[in-house]
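Okay, here's what each chain looks like letter by letter:
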Amino acid sequence: MVKGKLEAVLFVSGKSMAIKSLAKLVEATEEEVQAAIKQLQLERNVESSGIHLLEHDGHVQFVTNPGFATLVANLVKDEFSDELTRPQLETLSIILYRGPITKPEIEQIRGVNCSLILRNLLIRGLISEEEHAEKLQMVYSATTDFLRHLGVSGVTEIPEYDRFHTDERISKLIEESTQGTL
């Protein structure tokens, strides 16, 4: 049962998770989680499996089989070589002008779910995701590479940054999103 729970959580998470956190989440001991990890590695980390379980420095994550790297690279290249869509540009602009900003705050401003858009922007390397201790959730910011691509050395150099970063209407929308989570 621990193995199944572990698979589900790692699959949905899509990122590296601490073994200690996983144990708490799946309501098991760290030893039980370690045993499930070993079992999953025996099952998954074989040549015929497209998914492997990577364990490093007390964290685990599902990753693609290194043997399929070319196939996966071609998919990612095809998927992300197109221009950004209007919703992606809107989301990126919100992050650029209002970041660091949480997903609920972005969604409050845009009025729609942004999960896939955020995933695509993360994969493209345009935004970064960090855990924010005070907000107790992930916050999104523009990456240094993206700022460099824009030809600026910081977000304050982008056109009308001060105006949009402190816009009262946007601040009110963001405040509404945080009130809804309390």
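As the structure is a prediction and not an experimental result, all values here were calculated from the model. (Residues numbered from 1 in each chain as written. Predicted model: local features only at pLDDT ≥ 70, side-chain atom pairs only at ≥ 80, totals over all residues. Heavy atoms only, no water.)

Engineer: Looking at this model, I keep getting lost on the overall build of the protein. Mind explaining?
Structural biologist: When helices and strands are tallied, the protein shows 10 helices and six strands. Every one of the 182 residues in the protein was classed for burial, and the buried ones make up 31%. For the protein, restricting intrachain contacts to residue pairs at least 6 apart in sequence, the fraction spanning at least 24 positions comes to 50%. On the protein, roughly 11,800 Å² of surface is accessible, and the fraction owed to carbon and sulfur atoms is 55%. Positive and negative charge centroids in the protein, built from 19 and 28 side chains respectively, lie 3 Å apart. (Helix = DSSP H or I, 4+ residues; strand = E, 2+ residues; numbered from the N terminus. Buried < 20%, exposed > 50% of the residue type's maximum accessible area, 1.4 Å probe, protein only. Contact = heavy atoms within 4.5 Å. Areas by Shrake-Rupley, 256 points an atom, 1.4 Å probe, with all protein chains shown as cover. Lys, Arg positive; Asp, Glu negative; His and termini not counted. Charge placed at Lys NZ, Arg CZ, Asp CG, Glu CD.)

Engineer: Sorry, what's going on with the packing of helix 1 (residues 2–13) against helix 3 (residues 30–44) here?
Structural biologist: Between two packed helices, the angle of one axis relative to the other and the distance separating the axes together describe the packing. At a minimum axis distance of 9 Å, the contact between helix 1 and helix 3 shows a crossing angle of 75 degrees. Taken together, helix 1 and helix 3 sit at an angle that is classed as roughly perpendicular. Judged by residue contacts, V2, K3, L6 and E7 of helix 1 engage E32, V33, A36, I37, Q39, L40, E43 and R44 from helix 3. Of the residues belonging to the contact of helix 1 with helix 3, the class tally is six nonpolar, one polar and five charged. (Axes fitted to C-alpha atoms, helices over the stretch in contact; angles between N-to-C directions. Parallel < 35°, antiparallel > 145°, perpendicular 65-115°, else oblique. Nonpolar A, V, L, I, M, F, W, Y, C, P; charged D, E, K, R; others polar.)

Engineer: Is there a simple way to explain the pairing of strand 3 (residues 59–64) in this structure?
Structural biologist: Pairing geometry for strand 1 (residues 17–18) and strand 3, over two bridges, is antiparallel. When the sheet's bridge partners are listed, A18 is paired in strand 3 with H59. Of the strand pairs in this sheet, strand 2 (residues 51–56) and strand 3 are connected by six bridges, and their pairing is antiparallel. Along strand 3, the bridge assignment pairs I51 with T64. Where strand 2 folds back onto strand 3 in an antiparallel hairpin, the turn is made up of two residues, including D57, whose phi is positive at roughly 55 degrees. (Pairing = 2+ DSSP bridges.)

Engineer: For this particular structure, what's the right way to read the packing of helix 5 (residues 86–98) against helix 6 (residues 103–110)?
Structural biologist: Contact geometry for helix 5 and helix 6: axes closest at 10 Å, N-to-C directions at 120 degrees. Judged on the interaxial angle alone, helix 6 and helix 5 are oblique. In this structure, helix 5 meets helix 6 at a crossing whose hand is right-handed. Contacts from P87, E90, T91, I94 and I95 in helix 5 reach I106, I109 and R110 in helix 6. (Left-handed = near helix turned anticlockwise from the far one by under 90°.)

Engineer: Would you take a moment to explain the sheet that holds strand 5 (residues 127–132) for this structure?
Structural biologist: The strands that make up a sheet are held in pairs by hydrogen bonds between backbone atoms, and each pair lies either parallel or antiparallel. Pairing is antiparallel in the open sheet, where three strands are placed in the order 4-6-5. Sheet topology places strand 4 (101–102) and strand 5 at the edges, where each strand pairs with a single neighbour. Contacts from helix 5 reach strand 4, strand 5 and strand 6 (137–142), with the element oriented near 90 degrees to strand 6.

Engineer: I tried to follow the environment of H56 on my own but got confused; where do I start?
Structural biologist: When you line up the elements, H56 lands in strand 2. Take H56: its relative accessible area is 58%, and that puts it in the exposed class. In sequence terms H56 and Y97 are 41 residues apart; their C-alpha atoms lie 35 Å from each other.

Engineer: Mind showing me how you'd approach the pattern of salt bridges here?
Structural biologist: Pairing is possible between side chains that carry opposite charge, provided their charged atoms lie close to one another. Following the criterion strictly, the structure yields nine salt bridges and no others. E160 serves as the salt-bridge partner of R163, at 2.3 Å between the closest nitrogen and oxygen. (Salt bridge = Lys/Arg side-chain N within 4 Å of Asp/Glu carboxyl O.)

Engineer: Help me understand the pairing of strand 5, please; the structure alone is not making it clear to me.
Structural biologist: Walk down a regular strand and you will see the side chains alternate between the two sheet faces. Two elements, strand 5 and strand 6, share six bridges in a ladder whose sense is antiparallel. The partner of H132 across the bridge, within strand 6, is Q137.

Engineer: When you look at the sheet that holds strand 3 in this model, what are you seeing that I'm missing?
Structural biologist: With antiparallel pairing, three strands are arranged side by side in an open sheet as 1-3-2. Each edge of the open sheet carries a strand with a single partner, namely strand 1 and strand 2. Of the strands in this sheet, strand 1, strand 2 and strand 3 touch helix 1, which is tilted by about 70 degrees from strand 3. Taken strand by strand, helix 3 contacts strand 2 and strand 3, and its axis lies near 140 degrees from that of strand 2.

Distances and angles like these do not, on their own, reveal function.
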